[in-house]
Amino acid sequence: MSSTLLCRRDLRFLLYDWLDVTRLTERPRYAEHSRETFDAVLELAERVATEHFAPHNRAADLAEPTFDGRRVRLIPEVKAALDVFAETGLLASSLDESVGGMQLPHTVAAACFAWFQAANVGTSAYPFLTLGNANLLLAHGSAEQIDTWVRPMVQGRFFGTMCLSEPQAGSSLADITTRAEPQDDGTYRLHGTKMWISGGDHELAENIVHLVLAKIPGGPPGVKGISLFVVPKVLVGPDGALGARNDVALVGLNHKMGYRGTTNTLLSFGDGAHRPHGRPGAVGHLVGEPHQGLAQMFHMMNEARIGVGAGATALGYTGYLKSLEYARQRPQGRPLAGKDPGVPQMPIIGHPDVRRMLLAQKSYVEGALALVLYCGRLLDEQKTAPQPAERDRARLLLDVLTPITKSWPAQWCLAANDLAIQVHGGAGYTRDHDVEQHWRDNRLNPIHEGTHGIQALDLLGRKVTMRDGAGLALLVETIGDTVRRAGTLEGEAAQLAGQLGAAVDRVTAVTRRLWAGGDPEVALANASLYLEAVGHVVIAWMWLEQLLAVEAAGGAGGDAASGDADLHAGKRQAARYFFRYELPRTGPQFDLLASLDRTTLEMRDDWF
Ligand SMILES: Cc1cc2nc3c(=O)[nH]c(=O)nc-3n(C[C@H](O)[C@H](O)[C@H](O)COP(=O)(O)OP(=O)(O)OC[C@H]3O[C@@H](n4cnc5c(N)ncnc54)[C@H](O)[C@@H]3O)c2cc1C
């Protein structure tokens with residue numbers, strides 16, 4: 001039976017026919033794996049997500065977590081699902097065998113994780129944060145820190161958080177005020193308040209490992225003075241045994257629009273609510289060297305940003321499939337060319353306008369999924385490509401693509417959820433169907449992990465200019481390679497290649513023009529528009545890539561019995577849709593950017 005969470009056939013197409021992940025098993029890191037092990041773990045993820053995560057998605061939304069001043073309570077299904085998840089070992093799917101991981105390629109692990117994000121983004125946030133936390137400590141922590149914190153996280157006994165934001169410092173982390181005082185025994189005592197911390201308190205695990213950004217007094221100002229600390233909810237002895245409560249207190253829960261199954265917290269560090277070793281102050285352990293905190297945290301944030309894009313995609317995808325199912329069974333109206341009231345009504349999928357809304361969703365969510373998995377493949381290249389130059393190339397390309405992979409799905413898969421509501425008509429505006437919750441859940445994604453505006457500044461202000469524009473040059477060259485390959489084919493692929501080639505030329509020209517005057521204020525005034533336009537070009541590239549994979553797999557034909565023929569024809573039509581309806585939007589956007597428009601710059605506060 002087909003799922004309304006994700007499309008199994010699409011995942012197989014992307015992983016095997018396009019990204020050729022099976023070839024990764026030729027590399028030493030993945031040598032133990034095969035197509036069979038990949039299929040088995042994908043099936044496991046689909047089954048556990050379907051049977052243990054999806055069923056309580058609505059219940060966790062309706063009964064959000066509560067705090068009675070002492071304990072946080074969630075509906076019991078959340079813990080039950082997470083216990084099953086821990087047993088599967090999926091949390092550590094991409095981690096090294098040496099820490100208890102499965103050493104799966106990141107591409108396959110991302111596909112597995114998408115099942116959980118589609119089924120229940122609120123519950124899956126706990127392992128998502130825990131994995132990011134574990135990965136950061138694996139990259140920057142000491143052997144002792146890995147033993148003490150990472151191993152229990154891999155086993156599902158401890159959960160992790162990331163504590164960056166403060167009430168007065170969200171986008172501007174330079175302004176955090178949490179301070180970490182060095183102690184004689186090598187530990188630190190932290191004092192400060194952290195806002196918006198996801199998974200910041202609960203009783204789902206034995207302990208919570210907070211990764212906290214704080215400043216050591218006397219350090220450099222701004223971001224250069226930020227350090228990173230492990231601050232556990234419960235102290236852990238040298239033998240791994242749990243000890244006293246650390247001085248980390250839950251001040252209160254935030255009541256959110258969506259993502260309601262994930263607790264979101266205001267945490268107070270070191271205000272004396274608990275007194276470890278007889279005195280106030282949250283005990284923290286420095287990770288790596290002092291003042292390297294933000295760079296280290298970026299390790300987690302980059303991964304988390306791609307994960308946010310994946311979550312946005314999964315929510316868009318499931319909304320699309322649910323609206324598709326609805327459109328197939330909802331009878332309403334008659335064909336435009338024969339409105340005979342004696343004829344039974346037709347399912348709404350027969351109306352071109354409804355098909356437009358479904359095609360738009362399909363082009364957004366399948367385009368976004370391709371980008372997310374492509375980034376997973378780049379991560380695999382970065383880690384395991386045989387030549388250092390190939391690894392560097394993957395790292396640089398991933399760096400440029402990260403703000404797009406975070407933000408494009410957050411904007412357009414949210415737009416897909418909006419269309420999914422529209423396809424449902426009045427029913428979409430009720431709580432009787434899932435699509436309204438998907439929209440509310442997805443609405444977070446342009447906000448957290450760096451807002452849309454901050455990602456835009458990152459792309460235009462940093463990523464395309466870094467190393468004398470090497471990142472942008474690599475992106476353009478890589479898209480150019482696809483354009484060249486498509487150009488050698490006759491017909492539609494060549495025509496779309498021409499369109500994409502022209503759009504990429506504009507990216508280069510407009511970027512140059514924006515920075516030609518050397519005035520960041522002017523260059524960055526319309527950064528969000530730039531992000532949107534470049535994002536559309538990148539997704540058009542993803543569609544041309546998919547079209548090439550369809551051609552390579554035998555054109556629009558394929559094995560009719562396995563459904564490949566329909567899959568391929570659907571890919572062609574969605575690619576066509578994206579190139580005809582979406583890519584042309586970028587023309588006026590690039591025109592406006594190239595004009596160095598100052599409307600937003602010149603608008604004055606008192607004119608509003
Ligand atoms: C549900 C939820 C979960 C979260 N989980 C976590 C978590 O686990 N850990 C954590 O540390 N944080 C978390 N956050 C915090 C999140 O990352 C911040 O909300 C986000 O970074 C924005 O900060 P802010 O809310 O202070 O908004 P502000 O920084 O005040 O931004 C408000 C608006 O101003 C714009 N803006 C701000 N500065 C600039 C600028 N320089 N240029 C252009 N525009 C700008 C922003 O784009 C935004 O539109 C979470 C937030 C939410 C809502």
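Residues numbered from 1 in each chain as written. Predicted model: local features only at pLDDT ≥ 70, side-chain atom pairs only at ≥ 80, totals over all residues. Heavy atoms only, no water.

A. Layout of the overall build of the protein. Each helix and strand in the protein was counted, giving 19 helices and 12 strands. In summary, the protein has a C-alpha radius of gyration of 25 Å against a globular reference of 25 Å for 608 residues, a match within 12%. Here the C-alpha coordinates of the protein stretch approximately 80 × 60 × 60 Å along the principal axes. Restricting the contact set of the protein to residue pairs at least 6 apart, pairs at least 24 apart contribute 74%. For the protein, the exposed area adds up to about 24,600 Å²; of that, 53% sits on carbon and sulfur atoms. If you average the places of the 59 positive and of the 69 negative side-chain charges in the protein, the two averages end up 3 Å apart. (Helix = DSSP H or I, 4+ residues; strand = E, 2+ residues; numbered from the N terminus. Rg over C-alpha atoms; globule rule 2.2 N^0.38 Å. Contact = heavy atoms within 4.5 Å. Areas by Shrake-Rupley, 256 points an atom, 1.4 Å probe, with all protein chains shown as cover. Lys, Arg positive; Asp, Glu negative; His and termini not counted. Charge placed at Lys NZ, Arg CZ, Asp CG, Glu CD.)

B. Just the side chain of N417, in detail. Here N417 is to be found in helix 10 (residues 388-423). There is a polar contact of 2.9 Å between the side chain of N417 and the side chain of N442. In this structure N417 touches L315, G316, G319, H438, W439 and N442, once residues within four positions along its chain are discounted. (Polar contact = N/O pair within 3.5 Å; in protein donor to acceptor, adjacent residues only side chain to side chain.)

C. The arrangement of the pattern of salt bridges in detail. Enumeration according to the criterion identifies 36 salt bridges in this entry. The partner of R440 in a salt bridge is D61, and the shortest N-O contact between them spans 2.8 Å. Taken together, the residues R440 in helix 11 (residues 435-442) and D61 in helix 3 (residues 57-62) connect sequence positions 379 residues apart. Across the pair, D61 and R440 agree in class, each one buried. In this structure, K362 and E366 form a salt bridge, with 2.8 Å as the shortest nitrogen-oxygen distance. (Salt bridge = Lys/Arg side-chain N within 4 Å of Asp/Glu carboxyl O. Buried < 20%, exposed > 50% of the residue type's maximum accessible area, 1.4 Å probe, protein only.)

D. Seen up close, helix 10. Between its terminal C-alpha atoms helix 10 stretches 49 Å, which fits the 52 Å expected from 36 residues at 1.5 Å a residue. Considering bend angle alone, the principal kink of helix 10 is centred on L401 and spans about 40 degrees; proline P403 follows within four residues of it. Note on helix 10: the residue one or two positions beyond its end, G425, has a positive phi of about 60 degrees. (Expected span 1.5 Å × (residues − 1). Bend = angle between axes of the 7 residues up to and from the residue.)

E. Main features of the packing of helix 1 (residues 8-18) against helix 16 (residues 527-552). For the pair helix 1 and helix 16, the least separation of the axes is 10 Å and the interaxial angle reads 75 degrees. Taken as axis vectors, helix 1 and helix 16 run roughly perpendicular relative to one another. On helix 16, the residues that touch F13, L14, D17 and W18 of helix 1 are M542, E545, Q546, A549 and V550. Partitioning the contact of helix 1 with helix 16 into residue classes produces 6 nonpolar, 1 polar and 2 charged. (Axes fitted to C-alpha atoms, helices over the stretch in contact; angles between N-to-C directions. Parallel < 35°, antiparallel > 145°, perpendicular 65-115°, else oblique. Nonpolar A, V, L, I, M, F, W, Y, C, P; charged D, E, K, R; others polar.)

F. Representation of the layout of surface pockets. Roughly 1,300 Å³ of internal volume is contained in the largest pocket. Counting residues per element, the lining of the largest pocket draws most heavily on helix 8 (residues 293-329), which supplies 6 residues. Broken down by class, the residue content of the lining of the largest pocket amounts to 22 nonpolar, 17 polar and 8 charged. (1 Å grid on protein atoms, 1.4 Å probe; cavity = no way out; pocket = protein on both sides within 12 Å on 5 of 7 lines; lining within 4 Å. Points joined across faces, edges and corners; volume = space filled by probe spheres on them.)

G. Quick peek at the packing of aromatic side chains. A full pass over the atoms with the stated rule returns 17 aromatic pairs. Ring geometry for F113 against F128: centres 6.2 Å apart, planes inclined by 35 degrees, an arrangement best described as tilted. Placement of the pair is F113 in helix 5 (residues 106-119) and F128 in helix 6 (residues 121-140), with a sequence separation of 15 residues. Three or more aromatic residues joined by ring pairs form one cluster here, namely F53, F85, F113, F116 and F128. Across from the ring centre of Y16, 3.5 Å away, lies the NZ or CZ of R35, which sits over that ring. (Phe/Tyr/Trp six-rings, centres within 6.5 Å; stacked < 30°, edge-to-face > 60°. Lys NZ or Arg CZ within 6 Å of the ring centre and 35° of its normal.)

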